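For reference, the chains in residue letters:
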Amino acid sequence: MTTIENASLEDLPEDIPVLVAGGGPSGLFLSLDLARRGIPSIVIEPRTSVDSYRPRAKTTNARTMTHLRRLGLAETLRDAAPLPVSYAQDVIFCAGLTAGTGQEITRFRQAFQLVPGRYEHQPECGQQVPQPVMESVLRDAVAGSPLATLLTGLSVSDVEYGHRRSSRDISGPDSPRARVDVSDTTGRRRAVECRILAGADGGSSAVRRSLGIRLDGGSAELSNISVLFRSRDLGDAITLDPAVQYWVLGPGVAGMVGRMDLEGTWWAIIQGVDGRESFDASALVRSLVGAEVDLEILATDPWTARMLLAPSYGRDGCYLLGDAAHLNPPWGGHGFNTCIGDAANLAWKIAAELEGWGGPALLGSYELERRPVAERTIRDAAANGQALAYHFADPALRSDGAAGEAARHQAKESLAVKQSEFDSLGLVLGYEYSSSPLVVPDGSPVPAEDPIRYVPSASAGALLPHTWLDRSTSLYDILGPGFTLLVDAGSLAGVAAQEAYEPVLAAAARHGIPVTVAAVGPSDGGTAMATHWQADAVLVRPDQHIAWRGTDPAEAAAAIGVAAGWPLAAPSQDPDRSSRVRAVIP
Ligand SMILES: Cc1cc2nc3c(=O)[nH]c(=O)nc-3n(C[C@H](O)[C@H](O)[C@H](O)COP(=O)(O)OP(=O)(O)OC[C@H]3O[C@@H](n4cnc5c(N)ncnc54)[C@H](O)[C@@H]3O)c2cc1C
């Protein structure tokens, strides 16, 4: 629809299918993903403009880039990003940055999935991009969307639940609605009703408070100061290779610094400070970079890493996502990416609910699937926070001769602990939903949790293993907007996939479940898809996770009901029954 800046309360309809509180990355992405599924939504956001002086997230990982590709926004974001992937891909740890001190200690190559050219594990590699640029791209996409509306200058003040007359959560004419109090900048309020309320309103979420949910967890002992600055000379003064992040461990201030763009804008994070003390940002940055370069401080942002998780992600058609549900330390760059993962998981479930094909387990599965991901991410990010620059800082690192060599060698060995912060594919792509009621387990073990090592697996609940079908066509490009049954072309013996798996189409049609059936393979390089999947067929959910794999069309037909949230019937005792699973759909 549109974006209305400084909207008035009168711009709000009285009854809204989906109201999204918060137009940060989580809320905007959710609204766009819903729009792609034909669902209109209204996003309420107090900020009229994006604050380019608070860059916050820079790491957009390969999974988030792939979600953006699904929405047709990956290229737009790369074009808008001020640092192309080709500029730098490594994180360098050093004793100092400039002549005389600029000694590299170690580096982590292709950090954050920054891989120029064709990427193997997803159709998109990672991208470094300041969060305000990302938000602008999302805001522009909302402005151009016929179904998403962003109203700025308004905020959600309070939420009241009620109107619940039926036993089922939110479907049917008697479904409960949330009554949401929206206020404008003058404090004037207006109540509107919505069927689904998404609380994407950040760490101090008003929606979460209205739900009576308190975040559990704690904070790091020491704070950090983010500094955004301009320097004409710093780029030339650095004697090391280009890097996306430099971690400086010398005798001065310890911390991180990197380019924001190629025009002389930089960011720095000074780690391990007392947030209550006053500070001189120029002095801190000069000490960090170790040179008397020109500096124009644009903004400072003191912050403390938090490890906080909501015990519940909501109920009765009202759900929390993003920072409203979890706050993680930024070490590893997962925070914002976890938010996009939430939005992608929730969007198709909301669509299913509103379109009437979602079963009773569908919306509840959102918390069951996403909360453990946040828990694991917080755990890993908190562990990364135990090894910050000042833990490794040592004046001996800049020494000449044998003493310096020994110190740098020792530091390099100790810094091996940082690998999972930069090389975290196991965390980024390896999370899975095998315990979800929406997947049909096939008895095979799911790959063990490992933050670094990603083992592609087509087991139920895992992310669809990515392959290229030719030079430029990704397997993911074949996926439809709803469910997709992918069938190994080699297994079909000349029969069309739609014919061989007709029971799936029939079951889906009976219940209005959107499904595409497609024959694929082999992958670029000639490997049969059945070899990748260890099965002839996989049923892929709208969020690209696998709900079922197998060979039996009748089993696949039952699995699609389970994947849409209908209960799994007890296995038949009849040994002649071909189907091991049966969904109970009224
Ligand atoms: C220093 C720093 C560095 C970071 N680096 C990274 C990184 O490298 N990679 C990464 O993945 N993550 C990083 N993060 C985390 C990332 O910034 C957040 O996880 C992300 O912004 C969360 O997005 P969100 O949309 O859930 O919440 P927010 O970005 O907080 O957006 C919430 C929105 O809700 C609005 N709002 C607030 N109250 C209301 C209300 N009452 N009604 C309606 N709207 C409301 C706000 O104005 C805001 O726009 C970093 C964070 C910090 C602090």
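Residues numbered from 1 in each chain as written. Predicted model: local features only at pLDDT ≥ 70, side-chain atom pairs only at ≥ 80, totals over all residues. Heavy atoms only, no water.

Novice: Hey, could you run me through the packing of helix H15 (residues 502–511) against helix H17 (residues 553–563) in this one?
Specialist: The description of two helices packed together rests on the angle between their axes and the distance between the axes. The N-to-C vectors of H15 and H17 enclose an angle of 25°; their axes lie 7 Å apart at closest approach. The orientation of H15 with respect to H17, classified from their angle, is roughly parallel. Between H15 and H17 lies a crossing of right-handed hand. Side by side, H15 and H17 meet where Pro 503, Val 504, Ala 507 and Ala 508 of the first sit next to Pro 553, Ala 556, Ala 557 and Ile 560 of the second. (Axes fitted to C-alpha atoms, helices over the stretch in contact; angles between N-to-C directions. Helix = DSSP H or I, 4+ residues; strand = E, 2+ residues; numbered from the N terminus. Parallel < 35°, antiparallel > 145°, perpendicular 65-115°, else oblique. Left-handed = near helix turned anticlockwise from the far one by under 90°. Contact = heavy atoms within 4.5 Å.)

Novice: Sorry, what's going on with the packing of aromatic side chains here?
Specialist: Working definition: an aromatic ring pair is given by the centre-to-centre distance plus the angle between the planes. What the rule picks out here adds up to twelve aromatic pairs. Between Tyr 319 and Tyr 366 the ring centres are 6.3 Å apart and the planes differ by 85°, which places this aromatic pair in the edge-to-face class. One end of the pair, Tyr 319, is in strand S20 (residues 318–320); the other, Tyr 366, is in helix H9 (residues 364–384), with 47 residues separating them in the sequence. Its relative accessible area of 0% is what places Tyr 366 among the buried residues. Joined through ring pairs, the aromatic side chains of Phe 93, Phe 108, Phe 112, Trp 247 and Phe 422 make up one cluster. Across from the ring centre of Trp 267, 4.6 Å away, lies the NZ or CZ of Lys 58, which sits over that ring. Across the ring face of Tyr 431, the terminal group of Arg 370 is positioned such that the distance to the ring centre comes to 5.3 Å. (Phe/Tyr/Trp six-rings, centres within 6.5 Å; stacked < 30°, edge-to-face > 60°. Buried < 20%, exposed > 50% of the residue type's maximum accessible area, 1.4 Å probe, protein only. Lys NZ or Arg CZ within 6 Å of the ring centre and 35° of its normal.)

Novice: How should I be thinking about the pairing of strand S10 (residues 177–184) in this particular structure?
Specialist: Strand residues, when the strand is regular, have side chains that alternate between the two faces of the sheet. The pairing of S10 with strand S11 (residues 189–199) spans six bridges and is antiparallel. Opposite Ala 178, over in S11, you have Cys 194 as the bridge partner. If you look at the hairpin formed by S10 and S11, you'll find four residues sitting between the two strands, and Gly 187 has a positive phi there, around 95°. (Pairing = 2+ DSSP bridges.)

Novice: Help me out: how do you make sense of the pattern of salt bridges in this one?
Specialist: Within this structure, the stated rule accounts for 31 salt bridges. Close ionic contact of Asp 15 with Arg 177 constitutes a salt bridge, the shortest N to O distance being 3.5 Å. Taken as a pair, Asp 15 in strand S2 (residues 15–21) and Arg 177 in strand S10 lie far apart in primary sequence, 162 residues in all. A residue is classified by how much of its surface remains accessible, and Asp 15, at 43% relative accessible area, is partly exposed. Judged by relative accessible area, which is 22%, Arg 177 ranks as partly exposed. Ionic pairing is found between Arg 107 and Asp 90, a salt bridge with its closest N-O pair at 2.9 Å. Taken together, the residues Arg 107 in strand S6 (residues 104–108) and Asp 90 in the loop between helix H3 (74–80) and strand S5 (91–94) connect sequence positions 17 residues apart. Owing to a relative accessible area of 9%, Asp 90 belongs among the buried residues under this scheme. Each member of the salt-bridge network shares a partner with another, and the members are Asp 90, Glu 104, Arg 107, Arg 109 and Asp 241. (Salt bridge = Lys/Arg side-chain N within 4 Å of Asp/Glu carboxyl O.)

Novice: Whenever I open this one, the side chain of Gln 131 confuses me. Can you help?
Specialist: In this structure, Gln 131 sits in helix H4 (residues 131–143). Discounting residues that sit within four places of it in the chain, Gln 131 has contacts with Pro 25, Pro 55, Arg 56 and Ala 57.

Novice: Looking at this structure, I do not really get the site of the ligand. What am I missing?
Specialist: Among the 31 residues in the neighbourhood of the ligand, the closest are listed as Ser 26, Glu 45, Arg 47, Gln 131 and Phe 336. Here an oxygen atom of the ligand sits 2.8 Å away from a polar atom, N or O, in the side chain of Asp 323. In the environment of the ligand, an oxygen atom lies 3.1 Å from a nitrogen or oxygen atom belonging to the backbone of Gly 333. Considered on its own, the ligand offers 1,000 Å² of accessible surface; in the complex 87% of this is hidden by protein. At the level of secondary structure, the elements contributing two or more residues to the shell around the ligand comprise helix H1 (25–36), strand S3 (41–45), strand S9 (154–162) and helix H8 (335–355). No other element matches H8, which puts four residues into the shell around the ligand. (Near = heavy atom within 4 Å. Polar contact = N/O pair within 3.5 Å; in protein donor to acceptor, adjacent residues only side chain to side chain. Areas by Shrake-Rupley, 256 points an atom, 1.4 Å probe, with all protein chains shown as cover.)

Novice: What should I look at first to understand the packing of H1 against H4 in this one?
Specialist: At a minimum axis distance of 10 Å, the contact between H1 and H4 shows a crossing angle of 30°. Taken together, the axis directions place H1 and H4 in an arrangement best described as roughly parallel. The handedness of the crossing between H1 and H4 comes out as left-handed. Across the interface between the two elements, Pro 25, Leu 28, Phe 29 and Leu 32 of H1 pack against Gln 131, Glu 135, Leu 138, Arg 139, Ala 141 and Val 142 of H4.

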